[in-house]
Amino acid sequence: MKNNRNIVKVLLPTLVALGTVGGIFIGRYMSDRHASTQEEKLRTILSLINAEYVDKVDVDSLIETLYPDLLGGLDPHSAYIPPSDLTAVNDDLNGSFSGVGVSFQIVSDTVNVIEVIPGGPAEKVGIMAGDRIIRADSVVLTGDSITQEDVFKNLKGEKGSTVVLHIKRPNSSNVLTFDVVRNDIPVNSVDVSYMVDDKVAYLRVIKFARNTYMEFFNALSDLKAKGAEKFIIDLRGNTGGFMDQAVRMVNEFLPADRLIVYTKGRRPENEFVYSSDGTGRFLDSELVVLTNEQSASASEIFAGAIQDNDRGLVIGRRSFGKGLVQNQTELPDNSAIRLTVARYYTPSGRSIQKEYTRGESGKYDLDLIDRYTHGEFYNVDSIKLDKTKIFTTSNGRNVYGGGGIMPDIFVPEDTTGYTSYYINVMNHGLIQKYAHSVADRYRDMLGSDKTIDRLLKILPRDNTLLENFVSFAVNNGVPARWYYINQSRDLLLHQIKAMIARDVLGYPAFIELLNKHDSAVNKAIETLSNGGSPVSIKPEEPSTKKR
């Protein structure tokens, strides 16, 4: 089941696009018609196994193992979700779960609190960023065998239940105990938003859950109140979710009666057409959408609608190519199936679902690896577009179907500064460990001015910071190789500062610092600052010459 669970977590959190359908069970369909020859055959086989097989077999368990293959044989995104996984999968899309309200990372075999969610149960009892959780009730949460799943299992629980957390705090010689009453914890879809300059703002949307539109709208409104006129919407790594949330988000930017997305399926009830109603609050705002190979499903709906309507530019790399729509049906035993019921199409008529062969998921699953191997992450000329599937945007620009959203401006993966030394310290997690080792010192020095600017001022000079890190790495088994260290200097310093900011100021500060050296973000800022409009910028197309 582990492989199926990984597929559900990585590829399928995005697949509920038309809404959850409950109370529709397989038995209902079976009772409405006569069983086919093959269905009778299956029943006979199971009866024979149950009655005559040499060893006693739990037939129910045997049948349970068949469901993943049965659904997986239809297409790459239909799936069976066992009862043990359904709550976690739905929590991710519903946008909340019951827990204590902390973000953490495991460093040096210890659970370190990185951020305390404002207003959450942990904050109310006095738990602080920088605390180390060493025990939850009687369960020890230290040692080299501790995993993130172990921590989640003990911190999450039923709403209203109590967990006693044993905390080691850097400035206290005693272990502190806190009785934390679990409560609903919001899982934010818009996890980072900030002003880049006086007019340009950045928002990152990490998934399309039930509450994503309201988070998105509120973030846009807050930024607009701060003077934002131009927005960078970062959908990189966003594997999707609920289609209706993407539709409502696109509606904020389009004038009335612009097509956003439509679906086609076997049954009329699965076919929909969504258009803008003209009530959006950001119709005059300039817009850039960032995508990469992990932007899928609802992310592609958003990016495709913005691109096809010539409303903004798509910058980055080709998106995943997931254009299949699933309905989720929960079954009597608290399992569920996600069944593909339609395909979706962008306003120009593109189905951006990449090719697949039914029942053969291997090649499909390896598609991103193939893209990397063929050089697509680094060279626009390596992208193979199907020139038989050319469509046009509202202003006549060429766009292509058959395999993801191709960006208007291609930005390759940036590997500047990658050396054997950098890869070595990253593989050993030494940047994170070093940041964690110094975080408490700078957290105490910040005082009430908890800002990135203040943190950068109190950090050592670059040469000292780098030398301190190299010494730390030597003490942890990675020798100093200054030829390669100097080649990786800027990258190392940048990531060291970002990791310290994460431990001291929280995750949004970490992303904001990383973005300062992010080539796609900087290209978006440059494009918006230069006043480039979607109509005046010709999209880049891969070369047609043979390689």
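Keep in mind the model is a prediction, meaning the values are calculated, not measured. (Residues numbered from 1 in each chain as written. Predicted model: local features only at pLDDT ≥ 70, side-chain atom pairs only at ≥ 80, totals over all residues. Heavy atoms only, no water.)

Chemist: Mind laying out the environment of V190, listing which residues take part and the relevant values?
Modeler: Along the chain, V190 turns up in strand β11 (residues 190-195). Along the sequence, V190 and A219 sit 29 residues apart, while their C-alpha atoms lie 7.8 Å from each other. (Helix = DSSP H or I, 4+ residues; strand = E, 2+ residues; numbered from the N terminus.)

Chemist: Outline a nonpolar patch on the surface, listing residues and values.
Modeler: Residues L42, L66, Y67 and L70 make up a contiguous nonpolar surface patch of about 360 Å² in total accessible area. For the nonpolar patch, the element with the most residues is helix α4 (residues 59-72), which contributes three residues. With respect to the helices, strands and loops of the structure, Y67 is situated in helix α4. The class of Y67 is partly exposed, set by a relative accessible area of 30%. (Patch = residues over 30% accessible without salt bridge, like charges linked within 9 Å, V, L, I, M, F, W, Y side chains within 5 Å. Areas by Shrake-Rupley, 256 points an atom, 1.4 Å probe, with all protein chains shown as cover. Salt bridge = Lys/Arg side-chain N within 4 Å of Asp/Glu carboxyl O. Buried < 20%, exposed > 50% of the residue type's maximum accessible area, 1.4 Å probe, protein only.)

Chemist: Any details on empty space enclosed by the protein? Residues and values, ideally.
Modeler: By the definition in use, this model includes four cavities of 30 Å³ or more. Of all the elements in the fold, those that place two or more residues in the lining of the second largest cavity are β5 (110-116) and α14 (430-446). With four residues, α14 is the largest single contributor of residues to the lining of the second largest cavity. Tallied by class, residues from the lining of the second largest cavity come to three nonpolar, three polar and four charged. (1 Å grid on protein atoms, 1.4 Å probe; cavity = no way out; pocket = protein on both sides within 12 Å on 5 of 7 lines; lining within 4 Å. Points joined across faces, edges and corners; volume = space filled by probe spheres on them. Nonpolar A, V, L, I, M, F, W, Y, C, P; charged D, E, K, R; others polar.)

Chemist: Tell me about the pairing of strand β17 (residues 313-316), and name the residues and values.
Modeler: Judged by which residues are buried, β17 turns out to be covered on both faces: L313 and I315 on one side and V314 and G316 on the other are all buried. Alignment of strand β16 (residues 286-291) against β17, held across four bridges, turns out to be parallel. Following the sheet pairing, T291 is matched in β17 by G316. In this fold, β16 hands off to helix α10 (residues 298-308), which returns the chain to β17; that crossover is right-handed. (Pairing = 2+ DSSP bridges. Right-handed = clockwise from strand over helix to strand, strands pointing away.)

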